[in-house]
Amino acid sequence: MTAFATAAALSVPISLCRSSKLNCKKGVRGGFRVFAVLGEEGGLLDKKSTWGPLFDVEDPRSKMPQFKGKFLDAYQALEVARYDIQYCDWRARQDLLTIMILHEKVVEVLNPLARDYKSIGTMKKELAELQDELSQAHRQVHISEARVSTALDKLAYMEELVNDRLFQDRNPADSDQPSPSPSTSTQSPDSVKNKSPRKNLKVSGPVQPYHPHLKNFWYPVAFSTDLKDGTMIPIDCFEEPWVLFRGMDGKPGCIRNTCAHRACPLDLGSVNEGRVRCPYHGWEYSTDGKCEKMPSTRLLNVKIKSLPCFEQEGMILVWPGSDPPAATLPSLQPPPGFQVHAEIVMELPVEHGLLLDNLLDLAHAPFTHTSTFAKGWSVPSLVKFLTPASGLQGYWDPYPIDMEFRPPCMVLSTIGISKPGKLEGQSTRECATHLHQLHVCLPSSRHKTRLLYRMSLDFAPVLKHVPFMHYLWRHFAEQVLNEDLRLVLGQQERMINGANVWNWPVSYDKLGVRYRLWRDAVEEGAKQLPFEKST
C-alpha cells in the first residue's frame, strides 16, 4: 500500500505565542535566555542564571517541513510528526521560562525592602496582576500538555504507517486492498486513518523446520546453578538432542546426546572425571566431543558433534549455527540494584514463536490473568506500546512496565509494583519497588519450547533466605503460564489447521509485530536486520 495523509492532519496545531507582558531580554535565534529581569522602577535586577543554556533553543517553527496542500507518504509524515515533538519541547521550555520570571517578580514584590516604600494598595495591585499572569501561564502549561499528548499520538500513528510500509515492501504482492483513488483526497483525516490497508503478516499452517539462519545466535540453554560438577542436563535445541556437562576444568561443554558407537542416549549414563560415559559400552566423551576412552577395545579416533559453549552471568549459552560464533554474548543481567530470587526451567508444548508472541503482549493481562498477577486490574480504554522508531524495546501505557525483545529469543521486562497484584504510578520511574523478569524461549522443536525464567527484585532481600521460597515462586509461575498455555495451545492447533494467528494486528501488537518482522528478515538472510542500529 501507499501510506499517505494531508499535512493538516499531521501537524500539531501551532498558534503564534501571545506577546508576553513580561519585560525580559530576548536571546538570539528566536529563543530566550534568562539574563535579567527588569523591575517596576526600570532598574536591572542582575539575575544571571546557570539555567540559561536550557532556554537557548531555536524556535523550530521556521524550519517546519512545508508540505501544505500535498499528500505525504509515511516517511514524510513521520518527519512532520518529529518536528511537532521539537516544537513541543521548545514550547515547554518557554512555559518554564515564563514561570521562572513570574517567580522572580513575586519575590521582588514581596521583598521586605520593597515594603518600606510601597503602599499596601500598590502591593495588592501588583500581586493581583501577577496572579492573573500566573493563571495564564498555568493555562498555557495545560495547553502544552495537550499538545504533547496529541503529538505523541500522531507520532505513534505515523510509526504504524511506516510499519505498514515495511509490510508492503516485504510482501507487495500479498496486499488484498485496492490502491486509493484520487477521490480519497477529499476524505477527512480520520476517514483516511480508519481505511488504511491492514497489515498482511501471515503466520499459519503447520510449523515449518527452522531456518538455518535462525541458528546463528547465542542461545541461553540452562542456568549455571543447575549444572553442577558430575551432573548432566539433556536438552533439545532446533530438533537435535544435546547434553550439557562440566569438564575437568569446570567449564561447561555441549555435545550431541548420541553415542557414536550404537546411538545410545548419553544422558542415560554418567559423568566420570569430566567426561560423559555412555551406559551401553562405557565410551567416554570430553567437552569437545572427542572419545577419550573405549573400554574392552583398542582406542579409535572417534568424535561426535559439539557446540561452542560458554558461561556468562549465571547462564550457559550455546551456538547451534554453522556460521562462526559472534564475538560477544548477549547480556541478560538484571538492572543494577536487583537481586535474583528465582530461576525456573520449564518444558512447554508450544512452538517458541507463539510463546514469544504471548510474552511480548501485555494487553491480554486483564482478561487472561484474572486469577494471578492481574487480578483486579481495570481494563483501560486504550493500551499503547510506545517505542523508538528503530528499536525492539519500549514501555506500556498506561501500565508502569518496560519491555524489550532481545534477539534471538529473550524477553526482558521491568514492572513497577507497590504490593502483589497492584501496579503503582504511570511509569517505572515513578515506582519505588520493581520486579524484573527474564524469559528465554529456546526452540527445542517445532512444537516444544524450553523456557528459562529468572525473577529479580530490587526490594525485600530477606526473601532469598526464606526456606522453600523457591517452591512458592515456581508454583506462582506455573499458575501464570497455565493461564496462557490454554490459549496458546488453542492458537497452535488452529494455526496448524490453516488459521492466521496474526490476522489483524492492532496498535498494542507493535512489539510482537516487530519480532515477527525481525524473524522474517533473519530467515531471508537480510544483511541489515530491521529495528536494529546499523553497525
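This is a predicted model, so every value here is computed, not measured.

Asks: Which residues make up the pairing of strand S24 (residues 448-457), and what are the values?
Replies: The buried fraction of S24 is high, at nine of ten residues. Sheet topology note: the strand S17 (residues 339-348)/S24 ladder contains nine bridges and is antiparallel. Bridge pairing in S24 places Leu-348 opposite Thr-449. The antiparallel hairpin formed by strand S23 (residues 433-445) and S24 contains two residues in its connecting segment.

Asks: Please give an account of unusual backbone geometry that cites residues and values.
Replies: The residue after Asp-397, namely Pro-398, is reached through a cis peptide bond having omega 20 degrees. Along the polypeptide, Pro-398 turns up in the loop between strand S19 (393-397) and strand S20 (401-406). Cis geometry is adopted by the peptide bond preceding Pro-408, which originates at Pro-407 and carries an omega value of 5 degrees. For Phe-238, which is not glycine, the phi torsion reads 55 degrees and is therefore positive. Within the secondary structure, Phe-238 sits in the loop between strand S7 (232-237) and strand S8 (240-246).

Asks: Lay out helix H10 (residues 510-523) with the relevant residues and their values.
Replies: Spanning 14 residues, H10 covers 20 Å between terminal C-alpha atoms, matching the ideal 20 Å at 1.5 Å per step. Counting buried positions along H10 gives twelve out of 14 residues, so the element sits mostly inside the fold. Once H10 finishes, Gly-525 follows within two positions and takes phi at roughly 75 degrees, a positive value.

Asks: Explain the state of the cysteines to me, using residue names and the numbers behind them.
Replies: Inspection of every chain in the model, using the stated rule, returns zero disulfides. Cys-254 carries a free sulfur, and the closest cysteine sulfur to it, the one in Cys-309, is 5.8 Å from it.

Asks: Outline the environment of Gly-289, listing residues and values.
Replies: Assignment of secondary structure puts Gly-289 in the loop between strand S12 (284-285) and strand S13 (291-293). Here Gly-289 is in contact with Ile-255, Val-302, Lys-303, Ile-304 and Ser-306, once residues within four sequence places are set aside.

Asks: Run through the nonpolar core, naming residues and quoting values.
Replies: If you look at the biggest cluster of nonpolar residues, it comprises 85 residues, and the most contacted ones within it are Val-221, Leu-244, Met-315, Leu-348, Trp-396 and Trp-518. Residue contributions to this core reach at least three from each of two domains, namely domain 2 (215-312) and domain 3 (333-524). Filtering out sequence-adjacent residues up to four positions away, Leu-348 remains in contact with Leu-355, His-447, Lys-448, Thr-449, Leu-451, Leu-481 and Leu-485. Ranked by size, the runner-up nonpolar core spans 16 residues in total, among them Val-243, Phe-245, Cys-259 and Cys-291.

Asks: Summarise the sheet that holds strand S15 (residues 309-312); cite the residues concerned and give the values.
Replies: The three strands are arranged S6-S16-S15 in an open sheet whose pairing can be described as antiparallel. In the strand order of this sheet, the two ends are held by strand S6 (219-223) and S15, each with one partner. Strand after strand, the sheet turns through a mean of 30 degrees between neighbouring axes, direction not considered.

Asks: Just give me the short version of the environment of Leu-485, but keep the residues and values in it.
Replies: Along the polypeptide, Leu-485 turns up in helix H9 (residues 469-496). It is 8.7 Å that separates the C-alpha atoms of Leu-485 and Pro-349, two residues lying 136 residues apart in sequence. In this view, Leu-485 contacts Leu-348 and Val-350; residues no more than four positions away in its chain are not counted.

Asks: I'd like to hear about helix H7 (residues 352-359), residue by residue, with values.
Replies: With eight of eight residues buried, H7 is to be regarded as a mostly interior element. Listed as buried for H7 are His-352, Gly-353, Leu-354, Leu-355, Leu-356, Asp-357, Asn-358 and Leu-359. Sitting at the amino-terminal end of H7 is Glu-351, which places a side-chain oxygen 2.8 Å from the backbone nitrogen of Gly-353.

Asks: Could you give an account of the sheet that holds S7, naming the residues involved and the relevant values?
Replies: Read across the open sheet, the four strands follow the order S7-S8-S9-S14; overall the sheet is antiparallel. For this open sheet the edge positions go to S7 and strand S14 (306-307), each flanked by a neighbour on one side alone.

Asks: Give a detailed account of the environment of Leu-54, specifying residues and quantitative values.
Replies: Position of Leu-54 relative to the elements: it lies in helix H2 (residues 52-55). For Leu-54 and Arg-93, which are 39 residues apart along the polypeptide, the C-alpha to C-alpha distance reads 7.3 Å. Leaving out residues up to four positions away in the same chain, Leu-54 has contacts with Arg-93 and Leu-96.

Asks: Could you give me a rundown of the packing of aromatic side chains, with the residues and numbers involved?
Replies: Going through the model one piece at a time under the given rule, you end up with eleven aromatic pairs. Taken together, a centroid distance of 5.4 Å and an interplanar angle of 90 degrees make the contact between Tyr-210 and Phe-238 edge-to-face. In this pair, Tyr-210 is assigned in the loop between helix H6 (189-194) and S6 and Phe-238 in the loop between S7 and S8, connecting sequence segments 28 residues apart. Between Tyr-219 and Phe-238, the ring centres sit 5.3 Å apart and the planes meet at 85 degrees, which makes this aromatic pair edge-to-face. With Tyr-219 in strand S6 and Phe-238 in the loop between S7 and S8, the pair connects residues that are 19 residues apart, well separated along the chain. Here Tyr-219 falls in the buried class, since its relative accessible area comes to 1%. Ring pairs connect the aromatic residues Phe-217, Phe-405, Tyr-515 and Trp-518, which therefore count as one cluster. Its guanidinium or amino end placed over the ring of Trp-242, Arg-256 lies 5.2 Å from that ring's centre, counting from NZ or CZ.

Quick notes on the rules
Residues numbered from 1 in each chain as written. Predicted model: local features only at pLDDT ≥ 70, side-chain atom pairs only at ≥ 80, totals over all residues. Heavy atoms only, no water. Buried < 20%, exposed > 50% of the residue type's maximum accessible area, 1.4 Å probe, protein only. Helix = DSSP H or I, 4+ residues; strand = E, 2+ residues; numbered from the N terminus. Pairing = 2+ DSSP bridges. Expected span 1.5 Å × (residues − 1). Disulfide = S-S within 2.5 Å. Contact = heavy atoms within 4.5 Å. Core = buried A, V, L, I, M, F, W, Y, C linked by side-chain atoms within 4.5 Å. Domains from an automatic or database assignment. Axes fitted to C-alpha atoms, helices over the stretch in contact; angles between N-to-C directions. Polar contact = N/O pair within 3.5 Å; in protein donor to acceptor, adjacent residues only side chain to side chain. Phe/Tyr/Trp six-rings, centres within 6.5 Å; stacked < 30°, edge-to-face > 60°. Lys NZ or Arg CZ within 6 Å of the ring centre and 35° of its normal.

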